[in-house]
Amino acid sequence: TLSNAHPTCCNQRESIVMAEAEEAVLSLQEVLEEDQHLEQVANAVLGDSDDSHCTYPKGYVQRQAVYACATCTPPSGDLAGVCLACSLHCHDGHQLHELYTKRHFRCDCGNSKYLNFTCTLCPDKEPVNGENRYNHNFRGLYCTCSRPYPDSEDEVEDEMIQCVVCEDWFHSRHVGGTVPSSYEEMACDACMRSHDFLRAYQLRTQPVMVRGEEGGGSVNVISDEQPQTKNDGPNEKKAEGSGEAGGGESDSQGGGEKITTVE
């Protein structure tokens, strides 16, 4: 027992305990900052979600957590998504694909996309939500490789990065180049090619890495310099922000956000 221990040992143990106690002390400011950080994480993950009430009556929610039920919508069925509350109450015990958050989405639970299934939280719904957008994420597939995540057959440790435009997720190794160590947001190459307006936010870019799976590609990161004019030098394709992309060489900046694309 401690009472039979050597005095020196007792003193050492007391010193260790006191040191650990001192290290565990947090200031009020640190506690508030930690709470703020947790709140920001929760908002990023859940958006305007509600774990008790279906969000359908709210219409097309600006951003909310969305889930796809593989049990109720098999591969041959229609693509559909449900809100957080419906995933917990109507689809409890089902195989769910967690899709993180989606913009401008209205809960599909119990509508015509679900055969012989009624939402227990909000049964009175229109047959379809015509403004919802779907992609292969609702099948539990992601990236240009269309693989599930996590993927039991993938032995490579890799992170997934979400395109801020189409909201699909991409393996960092499949963006066509090396992802910068620091970036804010990413627009994939397909979105850069589909939305020409992104190229209007042009700034001078700084090439960072030049390796890609197909033998080359450059990741362009926006600097703080003023936008290039026609007289500043040769024309360059650029995009907004910084992040992960599926191809395309461009950089631009608008509203303080950065997007990086990869060629």
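About the criteria used
- Residues numbered from 1 in each chain as written.
- Predicted model: local features only at pLDDT ≥ 70, side-chain atom pairs only at ≥ 80, totals over all residues.
- Heavy atoms only, no water.
- Helix = DSSP H or I, 4+ residues; strand = E, 2+ residues; numbered from the N terminus.
- Buried < 20%, exposed > 50% of the residue type's maximum accessible area, 1.4 Å probe, protein only.
- Contact = heavy atoms within 4.5 Å.
- Areas by Shrake-Rupley, 256 points an atom, 1.4 Å probe, with all protein chains shown as cover.
- Patch = residues over 30% accessible without salt bridge, like charges linked within 9 Å, V, L, I, M, F, W, Y side chains within 5 Å.
- Salt bridge = Lys/Arg side-chain N within 4 Å of Asp/Glu carboxyl O.
- pLDDT = per-residue confidence, 0-100.
- Pairing = 2+ DSSP bridges.
- Polar contact = N/O pair within 3.5 Å; in protein donor to acceptor, adjacent residues only side chain to side chain.
- Phe/Tyr/Trp six-rings, centres within 6.5 Å; stacked < 30°, edge-to-face > 60°.

What follows is about the overall build of the protein. Within the protein, the regular secondary structure consists of 4 helices and 9 strands. Listing every helix and strand of the protein by position from the N terminus yields α-α-β-α-β-β-β-β-α-β-β-β-β. Within the protein, the fraction of its 263 residues that count as buried is 38%. For the protein, restricting intrachain contacts to residue pairs at least 6 apart in sequence, the fraction spanning at least 24 positions comes to 61%. Carbon and sulfur atoms provide 49% of the accessible area of the protein, an area that totals close to 15,500 Å².

Residues Leu26, Leu28, Val31 and Leu32 make up a contiguous nonpolar surface patch of roughly 390 Å² in combined accessible area. Note on placement: Leu32 falls in helix H2 (residues 28-46).

Attention shifts here to the confidence of the model for the protein. Where the model shows low pLDDT, its predicted coordinates should not be examined in detail. Per-residue pLDDT for the protein averages 73, and the proportion of residues at 70 or more is 62%. Summarising per-element confidence for the protein, the mean pLDDT is lowest in strand E8 (residues 251-254) (39) and highest in helix H3 (residues 84-89) (96). Every residue in residues 1-5 scores below 50 in pLDDT, and together they form 3 contacts with partners more than four places removed in sequence or on other chains. Ignoring residues within four places in sequence, the model shows residues 202-263, a span with pLDDT below 50, making 209 contacts including any to other chains.

Before going further, it helps to examine the pairing of strand E1 (residues 61-69). Among the 9 residues that make up E1, 7 are buried, leaving the element largely enclosed by the rest of the structure. Examined bridge by bridge, E1 and strand E2 (residues 96-105) share 7 bridges and lie antiparallel to one another. Across the sheet, the residue bridging to Tyr67 is Glu98, located in E2.

Turning next to the pattern of salt bridges. Inspection of every chain in the model, using the stated rule, returns 7 salt bridges. With its nearest N and O atoms 2.7 Å apart, the salt bridge here joins Arg173 to Asp154. Taken together, the residues Arg173 in the loop between strand E4 (169-171) and strand E5 (185-186) and Asp154 in the loop between E2 and strand E3 (160-162) connect sequence positions 19 residues apart. Between Asp158 and Arg173 there is a salt bridge, and its shortest N-O distance comes to 2.9 Å.

Note that Asn129 resides in the loop between E2 and E3. There is a polar contact of 3.1 Å between the side chain of Asn129 and the backbone oxygen of Cys107. Here the side chain of Asn129 touches Asp108 through a polar contact of 2.7 Å, side chain to side chain. With residues up to four places along the chain from it excluded, the contact list for Asn129 reads Tyr56, Tyr60, Arg106, Cys107, Asp108, Asn111 and Tyr134.

Further remarks concern the packing of aromatic side chains. Enumeration according to the criterion identifies 5 aromatic pairs in this entry. Here Phe105 and Tyr134 contribute two aromatic rings whose centre-to-centre distance is 5.9 Å and whose plane-to-plane angle is 85°, an arrangement assigned as edge-to-face. Residue Phe105 is found in strand E2, and its partner Tyr134 is found in the loop between E2 and E3; the two are separated by 29 residues along the sequence. Between Tyr114 and Phe117, the aromatic rings sit 5.9 Å apart at their centres with planes inclined by 40°, giving tilted as the arrangement. In textbook terms, an aromatic cluster arises when at least three aromatic residues are bridged by ring pairs, as seen for Phe105, Tyr134 and Phe138.

Structurally, the position occupied by Ala65 is in strand E1. Residues Ala65 and Thr101, spaced 36 residues apart in sequence, show a C-alpha to C-alpha distance of 4.1 Å.

With an omega of -5°, the peptide bond between Tyr149 and Pro150 qualifies as cis. Topologically, Pro150 is positioned in the loop between E2 and E3. Positive phi, close to 65°, is recorded for Glu167, a residue that is not glycine. The topology assignment puts Glu167 in the loop between E3 and E4.

Relative to the assigned elements, Ser87 resides in helix H3. When the C-alpha positions of Ser87 and Val66 are compared, they lie 8.6 Å apart, and in sequence the two are 21 residues distant. Each residue touching Ser87, except ones within four places of it in the same chain, is listed here: Tyr67, Val82, Asp92 and Leu96. Separated by 2.6 Å, the side chain of Ser87 and the backbone oxygen of Leu84 make a polar contact.

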